[in-house]
Structures are given as C-alpha cells and as structure tokens.
Amino acid sequence: MPDVGRWFGQSLILAGFVTVIGFFSQRPTLVVFPPDRAQLVVSFAHGAERREACRRLTPQEIARLPPQQRRPNTCERERLPVRLVLAIDGNQVFDGVLEPTGIWGDGPSRAYLKFALPPGRHHLVLKLEDRGRGDAFAYVSEREIELGAGRRLAVDFKADAGGFLFYG
Amino acid sequence: MERIKSALRLAFAAAEARLGRLFPPAWNPLLNLGALGFFFYWIVTVSGIYIYVFFDTGVSQAYSSVEYMTRDQWFAAGVMRSLHRYASDALVSVMALHLLREFALDRYRGARWFSWVSGVPVVVLVYVAGITGYWLVWDRLAQYVATVSAEWLDAAGLFGEPIARNFLSPQHLSDRFFSLLVFLHIAVPLVALLLLWVHLQRIARPRINPPRGLAAGVLAAFLALALVYPAKSQGPADLLSVPTEIGLDWFYLPLFPVLERLPGPLTWSAALAVFAMFVAIPWLPPMRRPKPAAVDLANCNGCGRCFADCPYNAITMVARSDGRPFSSEARVDPALCVSCGICAGACPTATPFRRRAGLHPGIDLPERSLAALREAVHAAAARLTARPRILVFGCDFGPPLGGLESPQVGVVPLVCSGQLPPSFVDYVLSRDLAEGVVLTGCAEYACHNRFGNEWAKARMARARDPHLRERVPRHRLRILWAGPLGYGRLRETLDSFARELALTADPQPGKRNPSVLETGHA
C-alpha cells in the first residue's frame, strides 16, 4: 500500500523542482539597454588598397617561375589599414585606424562600434580613408538622423555601393 | 579547497539523506543525476523532433511558426515547445549538480580522469546547443542572445566577416544564415551524445535510465509545468530597435550580461582559463593515487568474479600465461583501476581461514591488503573485553568510525564495503573473535565506488558470489547503509544490536534468523 505521506513529499519535491525551473527559465527580467536611449551601430568589413600596387612581371621574372605558376602580374598581399572617423553632433566620438585582418594582413579591416544616444535629432559625420593618404578621406558622409527611444540605426560601408549605407 | 569539498560532501549527504526519507533508495533524485541528465536529453530530443515538424526555418516565418505552436496548437506543439525548453533547463541543472557532486566526492582523480575530462566538452556543447536554440525562436530574447553571442565570437577574431554583421539590419539577415543555425542546433546535440558515449566508456553497467517511477514522476511534473506555465516568446525580433528589458533564461544565459559589458579579450581569456582549469582538475595537487589492484597468478584460478564485479572495467580475463590448467587469468589495467578493493572482496581465494602467513588472494590491493585486514581484525578483537563484543567493518565513505571504539566495540576500516569477503564475517564469528559483526558503508545507491555496497549486500544475502556461508548465524550480522552522516544511526544500531546479542545467546549457530538483518538505508 502506497505511503500517502511519502507520495505527497515526492510530489512536493518534484513540484518545487519544476517551479524553480519554470521561474528561472524566464525570470527575473533584466534591463539590457536603457529604455530612454537609442542605439547607433557602425559596422563594416572593408578591404583597403594593397600596400604595394600590382605590377607587371618582367620576362626574366616570368621565366624564373615554374611553368604552372607563370603569370603576367604580381601583387603583394598586405593591405593598408582603414581610418575611420565618426562625429555625432559635432563631437568626434571615434577616430581610429583599423588594421587589416589575417595572418598576412591581407584580410578586410573590420569595424563594429555601438553607441547609445539620447532620442531625437542628431547630425552624423562619417569619414573613411582606405588609400593611406592621411586626412584626405576617400569617403565622407553627413546625415541628419532622428531616432526614437529604443530605436536602432545601423551604418554599413560598401565601396562598390558608393560608401556609407544607412539602415534604420 | 579541501574544506569546500568537505562542506559540499556533507551538504550532498544531508540532502541525499533527506530525499531518501521521501523517495525509495533507487529513486533518490540526487543519486540519479547522470541518468536524469540522459532522461532530459531524450525529452529534449523527442520534443525537438516534434516541434521541428511545425517550425519554419525562414527568418520572417520562424517567429510566427513558433507562435502558431504556442497559441493555436497549445495542447500539443505548445506543450512540446515548453517541454523542450524546460527539459533543456533541467538538463543544465542536473548536469551542474552531477559535476559538483563528483567534484565533492573526489571522483575525478586517478583512473577517473577520463570520465571527468570527457564530460567537460559535453557541458560546453550542451550550452552551445541551448544558446543556438534560443536564436531560432527569433523573438526579442533571440535578438539579444544572437547579437551578444555573435559579438563575443567576433571578439575572438577567428572569422573574416564578423558574424554580428548578420544582425545589423533586416536586410543583412538571410534565410541561409538561419538555416545554418538550425543545422547547428541539431548537429551540436548529436556530437554531445557521441561524447556522452565516450564519457561512459570506463564505467561498467552505467545507469543511463532513471527508475521508471522516478522518470514517470519527473515527466508528469514537467507536463504539468508545460500546461500551467507554458514557455512563451517575448515579441518578434526587430533589428531596427533594441531589446531593452528581457526575461533571461538564467540556466543558459546568466553570463550574457557579463559578456556584453566586459571586453572580449578579457571574457575570452577567462572562458579559456576556466575550460583549461576544468580539464586540468584531475591532475591538480594534492595528487592521490593509491596503487592499483594486483593479480597473484599463483592464487588466481580465472573464475572471473573480480571481472564481473569491477565497477570500472579495469579487469579483463585473458588467456592463461603461466601454464596452469585454467582457461584464463585476471589482468588489471592500472590506468582504469581506482583501488576500491571490490575485486578482492569478490575473490573466492580471499579467505582469512588460510594460514596466517599465507593470505594471498588471487587479486588484492597492495597498500590495503586482505592480509593487513585480517591483522586489523585480530588487533581490534584483542582489545574487546566487554560482552557482547561487536566488530564494525566500515568503509572510508560511510559513517565515521572514530569514537566508536570501546571495550565492547572494535572497528576495522575498509576501502569499500565491497572489499570485505563474506568469509571474514564467518571468520570473526566462528573463531569467537566477536559475538556480532556490523557492516556499514555508503547509503544505498550512493556507493562511492558505484557497486560496493550493492555487491556486499548481495554476497551477504547469498545472492551473489562469493556467498556468506550457510553456517554463519546471520542474526549476528547487521548491515547499515547510512553514508557519512550516519554516525548517530550507527550508534543506535550498535546499541540495539548489543542488547539483542546479550539476550540471544547462540547455542546452535546457523539455525536461527533466516536472513541478514539489515537496519535500513539513508
């Protein structure tokens, strides 16, 4: 004959266990971003120009290569770094040099920057240089944006699409 | 560290003892953590297969398909979704408890390193599987989890194109990427299952299924939870807005707020350091590695009982190498042997009735031999002056034996209760070394060496070789499985046993109480 007390105790233990599981599966809640802020994300993966331009091989150089590797041009792998400048409402919030990725420095430079902004209108200035020419930025973009609380604006960069792209 | 471990050990023993009052010994949830982990894994698998039928892997359809399950199919797919979620959380819980318990019981060193080390990547894979699962719902929580975990992976610098860029805007997130996540969410648990198989390779007779009653109770409890408090989504993901307040799953995601706030190199270094530490734990000092069991071929007749009883697959039976007329001999793999002595307790040649100088069983522990055990029996018996005299055989992990000794009670420590050959009980009683024998050790189903008390109990009950001899007056033997907190119960047992022995002189040994008197379990 089953011991009712033990059955009850077992049920209580199992009920307690699933209660803990159920509760901590979704509670307590956590504020992961201030509800009175908006977010700006600037992210891209862009390969700058190579450190040395491609050049034609001389006939002697071509002749020295194994037959299956003979080609007219040679290109060094290493790329230049990318310089990015970001100003929000006249304040420069980022001015950095993004080194190329990869063991040989031949990969794209990567950026992933996040900023929390107060809601409202903002003036963005984005500048990018990928030719190693210092302050002579190859790409410059200025834009007025308006963000509500909790909204998010993403900025990407694609050289073949003309430069900076805005999503939001 | 030893103090922490000791405190944990006592905490587990106390919790096991309390649960032992409510559950039958075989059902005690804390003694079935590994098996419950498997059980939850299967619940997750079955419920996952079911909800996959209704799940749409497209970015824009994933959320609505999960909502359809939760709302329109709440009685079937909705329940399955909740089971999938809650069983995953329960899996993490029992896995953590299992790891903590093995650590507290010091069951990760020496030959046990393999099970520990092979279990560490399983923990990682379970977390990877759970986290990718959260991505698939594609609600606000998923958006947060996906963004933070992708940013963290990118911080390692292993990927040319940052993964987090997939979540930059709705235009950046493709169905193909989502399909990759589905693939990961299915493949990773399968790899974990493969590793679990590896994890069990050095364990004989692993318990991978909980007792049916416990499984039924657990399943019923989780079904009730799924119906009363179903798992719900937290609104559709929107990459043009930021999740602000979310309900985290604290079993899988407690570190996400930390990952989000601290620099990637720091969190990666910490994660790798913790992983390396967990892998290295078995070799961290203090190192304790008792000598493994050794076979004495001159006394081994190849009966195979040690092979049958070894809980760690450390013994194999191989072709005879000494030319004696037996088909096989036992061979111990030192890398697998935990030196529990259960093999010595199983050896039919391990009888103390042999001449004193010649107690060399076919298999024995070099550092705690049965010859030394016989000496300890004689020494303890010699100190007994008050009748009825009682000898207590107790294992290293059972009730503490210190303080028990008196003119009436002598103690003989064992590595494991399974180390005691039943012939020792016969020896003590027939040689009039004591009027009574008490065998005590870990609580039932909680044997430190997996099967020590189970085999000892079966041997004394004559259900497993080597049997306790018929002539032994079994009312003069008491067995108590009580665990490290069982000192009080052991004292009570000794008091009542002494009173009974005083009342019942034994004029005709072997013709009284037909069964071993077992005084219960924790």
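Residues numbered from 1 in each chain as written. Chains lettered and ligands numbered in written order. Predicted model: local features only at pLDDT ≥ 70, side-chain atom pairs only at ≥ 80, totals over all residues. Heavy atoms only, no water.

1. A short note on the pattern of salt bridges
Within the structure shown, the criterion is met by 34 salt bridges over all chains. The closest approach of N and O atoms between Lys114(A) and Glu151(B), which form a salt bridge, is 3.0 Å. In this pair, Lys114(A) is assigned in strand β7 (residues 109-117) and Glu151(B) in helix α6 (residues 140-155), connecting two distinct chains. For Lys114(A), a relative accessible area of 34% translates into the label partly exposed. (Salt bridge = Lys/Arg side-chain N within 4 Å of Asp/Glu carboxyl O. Helix = DSSP H or I, 4+ residues; strand = E, 2+ residues; numbered from the N terminus. Buried < 20%, exposed > 50% of the residue type's maximum accessible area, 1.4 Å probe, protein only.)

2. Some thoughts on the nonpolar core
All names here are of chain B. Core analysis: the largest hydrophobic core is formed by 76 residues, its most contacted members being Phe40, Trp138, Val145, Phe167, Phe222 and Leu253. Per element, the largest residue contribution to this core is 11 residues, and it comes from helix α4 (residues 74-104). Each residue touching Trp138, except ones within four places of it in the same chain, is listed here: Val59, Ala62, Tyr63, Gln143, Ala146, Phe167, Leu173, Phe178, Pro236, Ala237 and Leu239. If you look at the next biggest cluster of nonpolar residues, it comprises 55 residues, including Leu420, Tyr427, Leu433 and Leu468. (Core = buried A, V, L, I, M, F, W, Y, C linked by side-chain atoms within 4.5 Å. Contact = heavy atoms within 4.5 Å.)

3. Some thoughts on the state of the cysteines
In protein chemistry, a disulfide is the covalent bond that joins the sulfur atoms of two cysteines. One pass over the structure, following the stated rule, counts 1 disulfide over all chains. Disulfide pairing places Cys54(A) opposite Cys75(A) at an S-S distance of 1.9 Å. Note on the Cys54(A) and Cys75(A) pair: the S-S dihedral is about 115°, so by sign convention the disulfide is right-handed. Here the residue Cys54(A) occupies a position in the loop between β2 (38-46) and β3 (55-56), and Cys75(A) occupies one in the loop between β4 (73-74) and β5 (82-88), the gap between them amounting to 21 residues. In this structure Cys54(A) comes out as partly exposed when scored by relative accessible area, which is 44%. You can see Cys395(B) has no disulfide; the closest cysteine sulfur is in Cys442(B), sitting 3.9 Å from it. Judged by its relative accessible area of 5%, Cys395(B) falls in the buried class. Just so you know, Cys447(B) is unpaired, no disulfide at all, and the nearest cysteine sulfur is the one on Cys416(B), 4.1 Å from it. (Disulfide = S-S within 2.5 Å.)

4. As for the domain arrangement of chain B
Residues and elements named next belong to chain B. Taken domain by domain, chain B comprises domain 1 (32-281) and domain 2 (294-521). On a C-alpha basis, the centroid separation for the pair domain 1 and domain 2 is 46 Å. If you look at the interface, domain 1 gives 12 residues, while domain 2 gives 18 residues. With both chains or domains summed, domain 1 and domain 2 bury close to 1,200 Å², and 44% of this area falls on carbon and sulfur atoms. Looking at the side of domain 1 facing domain 2, the largest losses of area belong to Arg112, Arg202 and Arg205, adding up to 43% of the total buried there. Linking domain 1 with domain 2 are 0 salt bridges. Taken together, the links from domain 1 to domain 2 amount to 11 residue pairs in polar contact (both at pLDDT 80 or more). (Domains from an automatic or database assignment. Buried area = accessible area lost by both parts, 1.4 Å probe. Polar contact = N/O pair within 3.5 Å; in protein donor to acceptor, adjacent residues only side chain to side chain.)

5. Notes on α4(B)
Taking 1.5 Å per residue, 31 residues should reach 45 Å; α4(B) reaches 42 Å between its end C-alpha atoms and fits that length. In terms of burial, α4(B) is a largely internal element, 23 of the 31 residues being buried. (Expected span 1.5 Å × (residues − 1).)

6. Focus on the interface of chain B and chain A
At the interface, 57 residues of chain B touch 40 residues of chain A. Along the contact surface separating chain B from chain A lie 3 salt bridges. Remark: the boundary between chain B and chain A carries 25 residue pairs in polar contact (both at pLDDT 80 or more). Looking at the side of chain B that touches chain A, the elements with two or more residues in it are α1 (2-22), α4, α6, α8 (212-228), β1 (245-247) and α9 (256-261) of chain B. Residue contributions to the side of chain B that touches chain A peak at 6 residues, all from α4(B). Grouping the amino acids of the side of chain B that touches chain A by side-chain chemistry returns 32 nonpolar, 12 polar and 13 charged. The pairing of strand β1 (residues 29-31) of chain A with β1(B) spans 3 bridges and is classified as antiparallel. Bridge pairing links Leu30(A) to Ile246(B) in β1(B). (Nonpolar A, V, L, I, M, F, W, Y, C, P; charged D, E, K, R; others polar. Pairing = 2+ DSSP bridges.)

7. What to know about the packing of helix α5 (residues 113-137) of chain B against helix α7 (residues 175-199) of chain B
Residues and elements named next belong to chain B. Where α5 meets α7, the closest approach of the two axes is 8 Å, and the angle between their N-to-C directions is 160°. In terms of orientation, α5 and α7 fall into the roughly antiparallel class. Read as a crossing pair, α5 and α7 show a hand that is left-handed. Looking at side-chain class alone, the contact of α5 with α7 contains 20 nonpolar, 7 polar and no charged residues. (Axes fitted to C-alpha atoms, helices over the stretch in contact; angles between N-to-C directions. Parallel < 35°, antiparallel > 145°, perpendicular 65-115°, else oblique. Left-handed = near helix turned anticlockwise from the far one by under 90°.)

8. Considering the sheet that holds strand β8 (residues 120-129) of chain A
All names here are of chain A. Read across the sheet, 4 strands follow the order β6-β5-β8-β9 without closing on themselves; strand pairing throughout is antiparallel. One side of each edge strand has no neighbouring strand; the edge strands of this open sheet are β6 (91-98) and β9 (139-147). Across the sheet, the mean angle from the axis of one strand to that of its neighbour is 15°, orientation sign disregarded. Relative to β9, β8 is paired through 9 bridges, and the arrangement is antiparallel. When the sheet's bridge partners are listed, Gly120 is paired in β9 with Leu147.

9. A short note on the packing of helix α2 (residues 33-54) of chain B against α8(B)
All names here are of chain B. Two numbers describe how α2 lies on α8: the axes approach to 11 Å, and their chain directions differ by 50°. When the axis of α2 is compared with that of α8, the two are oblique. The hand of the α2/α8 crossing is right-handed. On the side of α2, the interface is formed by Leu36, Phe39, Phe40 and Ile43, while α8 contributes Leu214, Ala215, Val218, Leu219 and Phe222. Along the lines of polarity and charge, the residues of the contact of α2 with α8 split into 9 nonpolar, no polar and no charged.

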